[in-house]
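What the coordinates show
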Amino acid sequence: MTMLGVSSSYLRRGILSTAARSPRLLSSTRRPLSPNRQSTAGMKILAILYSGGEAAKQEPRLLGTIENQLGIRSWLESLGHEYIVSDDKEGPDSVFQKNITDAEVIITTPFHPGYLTRDLIEKAKNLKICITAGVGSDHVDLNAAVEKGIEVLEVSGSNVVSVAEHVVMSILLLVRNFVPAHEMIERGDWMVSEVARNAFDLEGKVVGTIGAGRIGYRVLQRLVPFNCKELLYYDYNALPEEPAKAIGVRRVADLKDFVSQCDVVTVNCPLHEGTRGLVNADLLKHFKKGAWLVNTARGAICDKDAVAAALKSGQISGYSGDVWNVQPAPKDHVWRTMKNPLGGGNGMVPHYSGTTLDAQARYAAGTKSILENYLENKPQEAQNIIVGKAGYETKAYGQR
């Protein structure tokens, strides 16, 4: 099935596969060990993380920062390995690009990604494995990694609850017109009608998710108590009958038809060739007039300028999320300040939905587990493997 020139088989982020539907999302299912790989002593491990500043010094549970370094420095150095951690990732003189040439392991994060392009992969002569401390490996040129035999792994399931909760929060703050109401209070004003004229109940609305995998399904689960008129999903892979029946969700096979039925659309699919720019000017024309759009997947799935124009015109009433097409977002990025005709509708925040303190504990532990398996020549957990030695191990980034 093909929509908008895009194979619908591309739309996937761990779509409730047999393993994902199990209550044990992080099960011990493992891929067989490659007999050819030998553990390497004294290797260089490069980590590109985000700067936590004073907050990270005060809060050691901010494990995903350059200050707290995923909590693994002492362990790695006790094994004789070199561990380089930095947030400096832009340009040929950056710590990232200078050290990628001879690093054996690279650890990156979706929140401050080191973009591992094909050119950099060509220069990374010693690189064997890329680890995402979190979920989402679109910052790696996966096709180039396959060609070079470089493994790509992420901590599957580490952020699903965190992001699903953020999605529900984002839906509510748009539908209830929360941000303009709070800004009014900060200004010292009080004019209830100014905010109430664009505030609605979530009850009785149609809410749909693009992608019904681990996150998308959990969003739908959490919306059940709100008594929405209907819950919909668009995904090339149909949910099994039992999970679909449990939440009363209906699948819509055509994307334009899907968005035309929704009061709220939430994007919960991965970014790759088939989903980049998926929500564009043409698709936005098919949205219900005044619908709300939430994106906590990847910023580049939504066309930056098309979204801003749709919000300004009132075609959509609001756009909320924490993901940007470039991270960190430039200070003049249009999503920072865009508004609907009534001066609201913007719920954008920095990329933090999947890096709560709870999520950081999970992805730091998962990163260490992946490293342990690699260093000790043990098999990896199957659901964490994006690219294995033999190529793609998942369809989460499209049919390959």
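The structure under discussion appears in the preceding block.
Summary of the structure given here. The structure displayed is predicted, hence computed values, not measured ones. (Residues numbered from 1 in each chain as written. Predicted model: local features only at pLDDT ≥ 70, side-chain atom pairs only at ≥ 80, totals over all residues. Heavy atoms only, no water.)

**Some remarks on the sheet that holds strand β6 (residues 129-132)**
- Reading across from one edge, β4-β3-β5-β6-β7-β15-β16 is the order of the seven strands in this open sheet, with mixed pairing throughout. Pairing within the sheet leaves two strands with one partner each, and these edge strands are β4 (82-86) and β16 (391-392).
- Two strands pair when backbone bridges link them, and strand β15 (residues 385-388) and β16 are joined in this way by two bridges, in the antiparallel orientation. If you follow G388 over to β16, its bridge partner there is G391.
- Packing of helix α15 (residues 357-375) onto the sheet brings it into contact with β3 (44-48), β5 (105-108), β6 and β7 (151-154), and relative to β6 it is tilted by some 160°. (Pairing = 2+ DSSP bridges. Helix = DSSP H or I, 4+ residues; strand = E, 2+ residues; numbered from the N terminus. Contact = heavy atoms within 4.5 Å. Axes fitted to C-alpha atoms, helices over the stretch in contact; angles between N-to-C directions.)

**A closer look at the nonpolar core**
- By size, the foremost hydrophobic cluster in this structure holds 36 residues, and its most contacted members are I210, F258, F287 and L293.
- For this core, the secondary-structure elements that each account for two or more residues are β8 (206-210), β9 (230-234), α12 (255-261), β11 (264-267), α13 (281-284), β12 (291-295), α14 (304-313) and β13 (316-321).
- Broken down by element, the residue count for this core peaks at five residues, all from α14.
- By size, the runner-up hydrophobic cluster in this structure holds 28 residues, among which are I72, I129, A133 and Y374. (Core = buried A, V, L, I, M, F, W, Y, C linked by side-chain atoms within 4.5 Å. Buried < 20%, exposed > 50% of the residue type's maximum accessible area, 1.4 Å probe, protein only.)

**What about the side chain of H351?**
- Along the polypeptide, H351 turns up in the loop between β14 (346-348) and α15.
- One polar contact links the side chain of H351 to the main-chain carbonyl oxygen of P110, over a distance of 3.3 Å.
- Only 3.0 Å separates the side chain of H351 from the side chain of Q327, close enough to count as a polar contact. (Polar contact = N/O pair within 3.5 Å; in protein donor to acceptor, adjacent residues only side chain to side chain.)

**A look at unusual backbone geometry**
- The linkage connecting Q327 with the following residue, P328, adopts the cis geometry, with an omega of -5°.
- Inspection of the secondary structure puts P328 in the loop between β13 and β14.
- The phi torsion at L70 lies on the positive side, around 65°, for a residue other than glycine.
- Judged by relative accessible area, which is 3%, L70 ranks as buried.

**Brief notes about the environment of V249**
- Structurally, V249 is set in strand β10 (residues 249-251).
- In this structure the C-alpha to C-alpha distance between V249 and Y233, which are 16 residues apart in sequence, comes to 7.1 Å.

**Quick notes on the pattern of salt bridges**
- One pass over the structure, following the stated rule, counts 16 salt bridges.
- The residue E147 makes a salt bridge to R118 at a minimum N-O spacing of 2.7 Å. One end of the pair, E147, is in helix α6 (residues 142-148); the other, R118, is in helix α5 (residues 118-123), and 29 residues separate them in sequence.
- With relative accessibility at 32%, the residue R118 sits in the partly exposed group. (Salt bridge = Lys/Arg side-chain N within 4 Å of Asp/Glu carboxyl O.)

**Here we look at α15**
- Under the 1.5 Å per step criterion, the end-to-end length of α15 is 27 Å for 19 residues, consistent within 8% with the ideal 27 Å.
- Among the residues making up α15, those that are buried are A359, Q360, Y363, A364, G366, T367, I370, L371, N373, Y374 and L375.
- Packing partners of the buried residues in α15 comprise β3, α3 (73-78), β5, β6, β7 and α7 (160-175).
- Two residues or fewer after α15 comes N377, characterised by a positive phi angle close to 60°. (Expected span 1.5 Å × (residues − 1).)

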